[in-house]
Amino acid sequence: MLHVHNGDSSAMTARKANLPGEHFAWREALVCGPAPGGLPEQEFLSVRAQHLSSAYDVDVEKCLAELREQHDAVARFFDHEEVVLWFEHDLFCQVQLIYLLNWFSRREIGKTKLSLICVGEFPGVQFHGLGQLNEEQLSSLFPHRQAITAEQLSLGARAWQAYSSAEAADLITLRDSDTSALPFLKTAISKHLQRFPSTRNGLGRIENAALDLIARGYREFKSLFPAFIGRERDYGFGDAQFHLVLRRMSDARRPLLRGNNGDRSTLDSESVHRSAFEITEAGEAVLSGATDFVALNGIDLWLGGVHLREREAAWRWDDEAQSLVTTRI
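Please read all numbers here as calculations on a predicted model, not as lab measurements.

A. Quick look at the overall build of the protein chain. Looking only at helices and strands, the protein chain features 14 helices and twelve strands. Taken against the 2.2 N^0.38 rule, which gives 20 Å for 329 residues, the C-alpha radius of gyration of the protein chain at 20 Å falls within 12% of a compact globule. Each of the three principal axes of the protein chain carries a C-alpha extent, and together these read 60 × 45 × 40 Å. A buried classification covers 54% of the 329 residues belonging to the protein chain. Of the roughly 14,900 Å² of accessible surface on the protein chain, a fraction of 49% belongs to carbon and sulfur atoms.

Written as structure tokens, this is what we have:
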């Protein structure tokens, strides 16, 4: 039996709980950076390795080797009677899940059984993720795993194609379709859509939440990040992904944030948690809607397969209409 866990924490707990089989952590962060569809696997992994190397200051060859190792581990599914995917409700996990469902949908599974454990809550726990659970709690989920259906594989493939598409309108089509086979997917896609630059100020929901919290006094990362998680639990961002959001605003030509941005040469967890930020005058103007971030700074941002770049975002999120609008002529 092969268990695929979204992260080292739950994989380690599962090993200690003596759940039968081999456990490994899927360490990707497909929710951030380029995820263009239609590429051969090796080319896609190269794109991802370049992003991870640049974003987290890790050697690109090391990134590529780790990504290849992950895919090779999953590719040996035929050595196992069952493969169990462990994921959560949030956007971070749902993107990982649809990637893997799409991957499996393109292969002959043979006699291997595919199963899924995917939860958004746990009794008695203010739930954010599987990594919170202890050995007994995690073990209690195992007997309730469900066989992955052909409908889920098909929806996963369709969802990944929309997420990795260069056409943002495909995300709206997906959101408005029947996604009930994967109960958390619709909310996750809705949250992803709100990451697009808003028509109000050129920032997505995550950036606006971060600016608002900093303006309210959460200036140190060690207090800011928990406050963000409490407000936006459906994103599932880790500290590294959230720090990238802050860096984008502080490194801009007209920065929205200033202050101690951490040691850029060693972006480990300790360095990230020592960082602190305060809002600039430009940041206050953007937060209020008086100024537009994209107008100030242009844009170079990947959201799945959509690459927003140059002096204007090709797609923007209209919060009132709850939809995307295009600025392309």
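B. Quick peek at the packing of aromatic side chains. A complete count under the given rule lists 14 aromatic pairs for this structure. Consider the rings of Phe44 and Trp160, whose centres lie 6.2 Å apart with planes at 85°: the pair is edge-to-face. Residue Phe44 is located in helix α2 (residues 41-56), and its partner Trp160 is located in helix α6 (residues 150-163); the two are separated by 116 residues in the primary sequence. Judged on exposure class, the residue Phe44 and its partner Trp160 are both buried. Seen from their ring centres, Tyr235 and Phe237 are 6.1 Å apart, and the 80° between their planes marks the pair as edge-to-face. For the residue pair Tyr235 and Phe237, the accessibility class agrees, reading buried in each case. Aromatic rings pair up to connect Trp26, Phe44, Tyr99, Trp160 and Tyr163 into one cluster. Just above the ring of Trp103 sits the side chain of Arg107; from NZ or CZ to the centre is 3.8 Å. Between Arg145 and the ring centre of Phe142, over which it is positioned, the NZ or CZ distance is 4.0 Å.

The rules behind the values
- Residues numbered from 1 in each chain as written.
- Predicted model: local features only at pLDDT ≥ 70, side-chain atom pairs only at ≥ 80, totals over all residues.
- Heavy atoms only, no water.
- Helix = DSSP H or I, 4+ residues; strand = E, 2+ residues; numbered from the N terminus.
- Rg over C-alpha atoms; globule rule 2.2 N^0.38 Å.
- Buried < 20%, exposed > 50% of the residue type's maximum accessible area, 1.4 Å probe, protein only.
- Areas by Shrake-Rupley, 256 points an atom, 1.4 Å probe, with all protein chains shown as cover.
- Phe/Tyr/Trp six-rings, centres within 6.5 Å; stacked < 30°, edge-to-face > 60°.
- Lys NZ or Arg CZ within 6 Å of the ring centre and 35° of its normal.

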